[in-house]
Protein chains: 2
Amino acid sequence: MTTNERIGALRNLMISNDIDAYLIPSDDFHQSEYVGDYFKCREFISGFTGSSGTVIITQSSAHLWTDGRYFIQAENELQNSEFILHKCGLSDVITIDDFLLAEVPANGTLAFDGRVVSSFDGNHYLELLSCKNVHIEFDCDLINEIWKNRPALSKAPIFLLKEDYTGESFASKLTRLRDSMQKRGAVSHLLCSLDDIAWLFNLRGNDVAYTPVFLSYAFITLEQAHLFIDQEKLTDETLLFLTEQQVILHHYDEIYAFVKALVFEDVLMLDLSKTNFKLSQQISSTLTCIDTINPTTIFKAQKNKIEIECIKEAHRKDAIAHTKFLYWLKSNYKKVVITELIAAQKLEELRKEQENFLQPSFSPISAFGAHAAIVHYSSSPETDVPLEDGSFYLTDTGGHYLGGSTDITRTVALGNITPEMKKHYTNVLKGNLALSRAKFLYGCSGENLDILARQFLWNSNLNYLHGTGHGIGNLLSVHEGPCNIKWKYNKEPVTLEQGMILSNEPGLYLENHYGIRLENTLLVCEDSKNEYGQFMCFETLTFVPFDLDAIDFSMLTEEELSQLKQYHQKIYDLVSPNLSEEEKNWLETFL
Amino acid sequence: MTTNERIGALRNLMISNDIDAYLIPSDDFHQSEYVGDYFKCREFISGFTGSSGTVIITQSSAHLWTDGRYFIQAENELQNSEFILHKCGLSDVITIDDFLLAEVPANGTLAFDGRVVSSFDGNHYLELLSCKNVHIEFDCDLINEIWKNRPALSKAPIFLLKEDYTGESFASKLTRLRDSMQKRGAVSHLLCSLDDIAWLFNLRGNDVAYTPVFLSYAFITLEQAHLFIDQEKLTDETLLFLTEQQVILHHYDEIYAFVKALVFEDVLMLDLSKTNFKLSQQISSTLTCIDTINPTTIFKAQKNKIEIECIKEAHRKDAIAHTKFLYWLKSNYKKVVITELIAAQKLEELRKEQENFLQPSFSPISAFGAHAAIVHYSSSPETDVPLEDGSFYLTDTGGHYLGGSTDITRTVALGNITPEMKKHYTNVLKGNLALSRAKFLYGCSGENLDILARQFLWNSNLNYLHGTGHGIGNLLSVHEGPCNIKWKYNKEPVTLEQGMILSNEPGLYLENHYGIRLENTLLVCEDSKNEYGQFMCFETLTFVPFDLDAIDFSMLTEEELSQLKQYHQKIYDLVSPNLSEEEKNWLETFL
């Protein structure tokens, strides 16, 4: 079927269901960052394969909204269809809201699969269109009816993460969660976010790319723990575990009827921002709801001692792989053709050589020259270029190891670069170094610290249009809330607590020229305590050299020079036992 | 009358008025930082002369709560009375709330003068004691009945601040205020804060120490402007001005009846946090109230071009006086006895020599040695000590000049100081320098920047227990909201806007040893603008040398050394034309 034929089939179904507009977002049932193949309805109907976009189909036209990362790709992929592309962020582009207000007729019907729309968005559409008395039909999945050979929901087996890695039993986590429920006066708790569930049960799966979680819901009361899951995914070991822990199992899609049946005078705690619209609509108005951040989101952000040990070991392995990669790259790109894709493949291969490596922790970025100025660049055979002298090569990648996850960006100078490029690289590096040696009183949040990473760029009238740091999950999502390091604050600032793990990734992007980003992972630690309070500091977990060829050493203070020297000495001590003589000799030049 | 006789007289009145507990705070009718003599009821009843404290009298006992600044003073001043002192902040000290809950009998009466209690506190007492059905009587001033020879309310004349100084006419300010009212849907606006009223009308008075405001209320509608004021204070010039501007005059205390009479379907905008409890209780429930920060509070924080020019001129004069003072101090303290009070007097005399000097802008701090470790130290004949070798002398003072107000702290090394003292001084100085050279994107608030001033102390496990900076009013309160520079945020962060003026005052206080604080005044300025947005920076307005004898130069980076050198060069250029040859030669040694 061509794209237009698919649109035609959908329109026929819309007519027979009295639907004026059908909306298809990119999410799964859990608002995950990456989604499984089963959920790629937006890609099915439009042919657009980017990770982010929203489709709306009416009887007269078909529309896709996507952002700047995907303008060129979307134009290509929509070429032979009637789709109209709306480039979000450009001026004079109609918003989805304005489109719906203009195109859905009064007393008409807007439909979507309420399971793939967030509670927030669903309620927003309800409110937006109430002035036109538009009916919102959210209990339908029309794509399912026309998508022959739709991939099945993942059946990937679930595995148990032992306490050697988690550092805390399911029972202990459950006790903490129930304490938190009781403190808030809740007797039950609906948990929809996949990373919270995986963390709580000490289980991992493989249903979602780059995030080893499994499709499920959990419902916790003060006495019971219910898990809604496709039980075919359970191995003998995990089934035994859940049985021993007296977890009550339900089928994955029974959650809707289960929640609908909660009609007693219950006090239900849930995080509505993590709940899909259809599920939120099942909640009876007789229930008292406490809409709050999931306590597990806060718990899991603070890694315990055993987790930290395992995470450090994962970073050691990652340091070996990445250091080998940098040596290979620097010594070979002039001898053989190395393209962005070849380099990315090499780095993944080197990670795979490490024991307990599971998979990349996110979609890798491997970008040369002007490509590196695109913050979310993703190399493809169409865009791939060879690495050459005179510019920067940037690689932002990470690995999930059994026990820990990594996220690292290095930028490498190839051949001679201009003094201006060195100056920019050095200012980014100075920011990275300043943040990692920060010391601060307990109570500080990322908003207080961000300027340390940004100050050298700001002093040069430069900036980077992303946060300085995000929380990093442990064998979960590599972008994990609630902590972060950024200067603009929308919501409540989050205090940096001992055991939190964050990225430290200042950068600089000169469009059509080059990009620089230097990213290490930081662990929040307690420093000394005295009459002023508890001092906190960061421990850097990433041990991969910074390219000395890219540094203008005249810009570094004594303190920075000594910090850099110590950092490279630590790398050498940690990594060199696993390097070849050649690699070791090369690494010695950093000391 | 002794203190106990005064308590007795009050108790007799309490019996005849059926009052179980009588509460006396330290405020005036406008929650001013300093209060006029008329308002010193708490001092009258207790004998305690400190600026802050709350008294509660019952039939069986008399109590005073005050904070750490005043423990010793309060103990002395309460000595021959039945007053029990409660030291706020120490453990095991009963709070006012707990005291009221325990001591006011069920169905009893707590009374206070609702005009000197904030709306917030009054409502808090109402709510706190509602469980005991306690009646709150707020329309009484029992102290007035027993205070023979109570000082009259100030009759100090009001003067007009010309547009040469204000840079904006009353009419223009009124138009801006009314625009702001209309944007919020308000048709009337009650203004109770004295600095807002003085700013709006371009008038100044002398009713409150250190703050040239006048007791008044204003009521603004879209067509009218009402001013409630003791008209005896109006000079011919100010009366003519108000008449020309068609301001409707009322007697000062008519505001209560006026507000009570607002019974139509009005939309009244006011800042409840700046409204006294009695006045807030006059507002009819038929009115719609918009409780918001006074627009004038935001307007006046952003100084206009003419104001900035005048403020710079005031700082130039202040720099001359203060530089002369430092020379005098450094070259004389070994020759003649200079005590804290003598030094303070000398500095004030030197300021008075400057044209257009009006008065000190706040209660001056002149502190030697261990006294300087007391952040709010106030020297008195009892505590006064001579300045001697081997420690720091700290002076935190400021002046109101016609056109501008200053606030400056300098710390001076006397004789030889220890390397540790130099290290601490240098770290405080490095913080001051770092904040003043900060560059940041528009949208930053003080919370984003505070760490720049604090970082060097935090790196040494040290801290100062006050904010880094406060807003500074222009011939108004030297502590002015809403902007500030601090790392802890309670409320909404305030974006730093062009024209705001703030202090930059990191410090360090080692109890019983010494204190260091270095305070300059900063002006928020626009720097360059590009694709990243509007960059902002600070311009330092204070031009008084830092004591080079106190600096460990080995701790300064090249950047800091050059910044310091440039700063002292600017001081020399600005101040030296007004110095004697001796003073000039001394100042040359800073270059």
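Because the structure is a prediction, the values reported are computed rather than measured.

1. So, the sheet that holds strand E14 (residues 288–291) of chain B
Residue and element names in this part refer to chain B.
Right, on to step 1. Pairing within the open sheet is mixed, and its 6 strands lie in the order E12-E11-E10-E8-E13-E14. In this open sheet, the two strands that pair with only one neighbour each are strand E12 (247–250) and E14. Pairs of neighbouring strands in the sheet enclose a mean axial angle of 20°, with direction left out of account.
Right, on to step 2. Examined bridge by bridge, strand E13 (residues 267–270) and E14 share 4 bridges and lie parallel to one another. What sits directly across from Leu268, in E14, is Cys289.
Right, on to step 3. Contacts from helix H8 (residues 170–183) reach strand E8 (188–191), strand E10 (217–221), strand E11 (225–228), E12 and E13, with the element oriented near 65° to E10.

2. Things to note about the confidence of the model for chain A
Right, on to step 1. Scored by pLDDT, chain A has a mean of 96; 100% of the residues are at 70 or more.
Right, on to step 2. Scored as a whole, the predicted complex attains pTM 0.92, and scored at its interfaces, ipTM 0.89.

3. Focus: the sheet that holds strand E17 (residues 392–397) of chain B
Residue and element names in this part refer to chain B.
Right, on to step 1. Strand order in the open sheet formed by 3 strands is E16-E17-E20, and the pairing between neighbours is antiparallel. Each edge of the sheet is formed by a strand with only one pairing partner; in this case those strands are strand E16 (365–368) and strand E20 (408–413). Between one strand axis and the next, the sheet turns through 10° on average, direction left out of account.
Right, on to step 2. Taken together, the 6 bridges between E17 and E20 define a ladder with antiparallel strand orientation. Across the sheet, Tyr393 pairs through a bridge with Val412, a residue of E20.
Right, on to step 3. Each of E16, E17 and E20 touches helix H15 (residues 340–352); the most contacted strand, E17, lies at about 45° to it.

4. Some thoughts on the interface of chain B and chain A
Right, on to step 1. The interface of chain B with chain A comprises 31 residues on the first partner and 31 residues on the second.
Right, on to step 2. Together chain B and chain A conceal approximately 2600 Å² of surface at their shared face, both sides included; 57% is due to carbon and sulfur atoms.
Right, on to step 3. Its largest share of buried area at the contact with chain A, chain B owes to Asn461(B), Tyr489(B) and Tyr532(B), together 25% of the area lost on that side.
Right, on to step 4. Between chain B and chain A we count 0 salt bridges in total.
Right, on to step 5. Looking at the side of chain B that touches chain A, the elements that each hand over two or more residues are strand E21 (439–441), helix H17 (446–458), strand E25 (507–510) and strand E27 (520–530) of chain B.

What counts, and at which threshold
- Residues numbered from 1 in each chain as written.
- Chains lettered and ligands numbered in written order.
- Predicted model: local features only at pLDDT ≥ 70, side-chain atom pairs only at ≥ 80, totals over all residues.
- Heavy atoms only, no water.
- Pairing = 2+ DSSP bridges.
- Helix = DSSP H or I, 4+ residues; strand = E, 2+ residues; numbered from the N terminus.
- Axes fitted to C-alpha atoms, helices over the stretch in contact; angles between N-to-C directions.
- Contact = heavy atoms within 4.5 Å.
- pLDDT = per-residue confidence, 0-100.
- Buried area = accessible area lost by both parts, 1.4 Å probe.
- Salt bridge = Lys/Arg side-chain N within 4 Å of Asp/Glu carboxyl O.

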